[in-house]
Amino acid sequence: MSQSATIYGPGIVCHTTAGHGGFHLSSDRNLGVPCALRNETCWYEEDVKWAVVAHAFPDLFTGYERRTADETIRHSWPEFWETVHGRTLAPGESRARDRQEFESIHADDWIVSSAIFSAHHTGMTEIVARRGTARTIGEVERRYLIDSEEYARRGPFGFVIDEARHQRYDGPSSFVGWPRSAA
């Protein structure tokens, strides 16, 4: 339920709520949003999608808000950003693009999905890994012990198991409910 509303312009209202607010556009105003970013519900949440509204109606936002919206779009919808700006983003310029690249490169690798400091091996982190970055119920999981300092240096999209260096682990677990033997 809306706790307050700010009218930005005809058909453009920003709602605040106890949990999660955002913009609501009238059907007519929603047609002003580029098709690639348009939400058919006419609602644009406050964390990321607000940037869509700022992009579509820049005259209603400050220079700072427009720059922040452009940055949000670059990190969230890189293909759209590239079309608007007429250039390809380089590695490191978009979190979404960098994640796509990571997922493509590591589609067949074992990637950590859960980690906990080992209560059984000092200085080690017990991890559970799954193949690739897609997560589905029932997929095969493996456990490994990784030096905690090495694990602390993991990248922004996950820790990739190096099967030549990291040994599978089937010993006592610090994960609650994990069986003694792993797949």
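Okay, so let's go over this structure. Since this is a predicted model, take the numbers as computed values, not measurements.

Scoring rules and cut-offs
Residue numbers run consecutively from 1 along every chain, following the written order of its sequence. Totals for whole chains, interfaces and linings use all residues, but because this is a predicted model, local features are given only for residues with pLDDT of at least 70 and pairs of side-chain atoms are given and counted only at 80 or more. Calculated side-chain values reflect all of the structure's heavy atoms, with hydrogen atoms and water omitted. For the exposure calls, accessible area comes from a 1.4 Å probe over protein chains only, and a residue counts as buried if that area is under 20% of its type's maximum, exposed if over 50%, partly exposed in between. In DSSP terms, a helix is any run of H or I states spanning at least four residues, a strand is any run of E spanning at least two, and both are numbered starting from the N terminus. Whether two strands pair comes down to DSSP finding at least two bridges between them. What counts as a ring pair is set by centres within 6.5 Å for rings of Phe, Tyr and Trp (its six-membered ring), and what kind of pair is set by the plane angle: stacked under 30 degrees, edge-to-face over 60, tilted for all other angles. Nine residue types can take part in a nonpolar core, namely buried Ala, Val, Leu, Ile, Met, Phe, Trp, Tyr and Cys, and a core is a set of them joined through side-chain atoms within 4.5 Å. The contact criterion used is simple: two residues touch if any of their non-hydrogen atoms lie within 4.5 Å. Whenever two N or O atoms come within 3.5 Å, that pair is a polar contact, provided that in protein one can donate a hydrogen and the other can accept it, and provided that, for residues adjacent in sequence, both atoms are side-chain atoms. Whenever a helix is involved, its axis is fitted only over the stretch in contact; in every case the axis is a line through C-alpha atoms, and angles between N-to-C directions fall within 0 to 180 degrees.

### A few points about the pairing of strand E6 (residues 124-131)
- Buried residues dominate E6, accounting for 6 of its 8 residues.
- In terms of strand pairing, strand E5 (residues 110-117) meets E6 through 7 bridges, oriented antiparallel. The residue of E6 that forms the bridge with isoleucine 116 is glutamate 126.
- Counting the residues in the hairpin turn of E5 and E6 gives 6 residues, including glycine 123, whose phi is positive at 80°.

### As for the packing of aromatic side chains
- The tally for this structure, following the rule as stated, stands at 5 aromatic pairs.
- Counting every residue linked through ring pairs, the aromatic cluster contains Tyr8, Phe23 and Phe61.

### A few points about the nonpolar core
- Core analysis: the largest hydrophobic core is formed by 20 residues, its most contacted members being Phe23, Leu25, Val33, Tyr44, Val53 and Phe57.
- Breaking this core down by element, the ones donating at least two residues are strand E2 (12-17), strand E3 (22-25), helix H2 (50-56), helix H3 (63-76) and helix H4 (78-85).
- For this core, the element with the most residues is H2, which contributes 6 residues.
- Sequence-distant contacts of leucine 25, that is, excluding residues within four places in its chain, are made with Gly11, Ile12, Asn30, Val33, Cys42, Tyr44, Val53 and Phe57.
- Residues Ile127, Tyr144, Tyr151 and Ile161 belong to the second largest nonpolar core, which totals 9 residues.

### Focus on the side chain of arginine 143
- In this fold, arginine 143 is placed in strand E7 (residues 141-147).
- Look at arginine 143 and you get buried, because its relative accessible area is 0%.
- A distance of 2.8 Å separates the side chain of arginine 143 from the side chain of glutamate 126, its partner in a polar contact.

### Overview of the pairing of strand E1 (residues 2-9)
- Where E1 and E2 come together, 6 bridges link them in antiparallel fashion. In the strand pairing of E2, alanine 5 is matched with histidine 15.

### Quick notes on the sheet that holds E3
- The antiparallel open sheet is built from 4 strands, whose spatial order is E1-E2-E3-E4. The open sheet has two free edges, formed respectively by E1 and strand E4 (43-45), since each of these has just one partner strand. For this sheet the average axis-to-axis angle between neighbouring strands, irrespective of direction, equals 25°.

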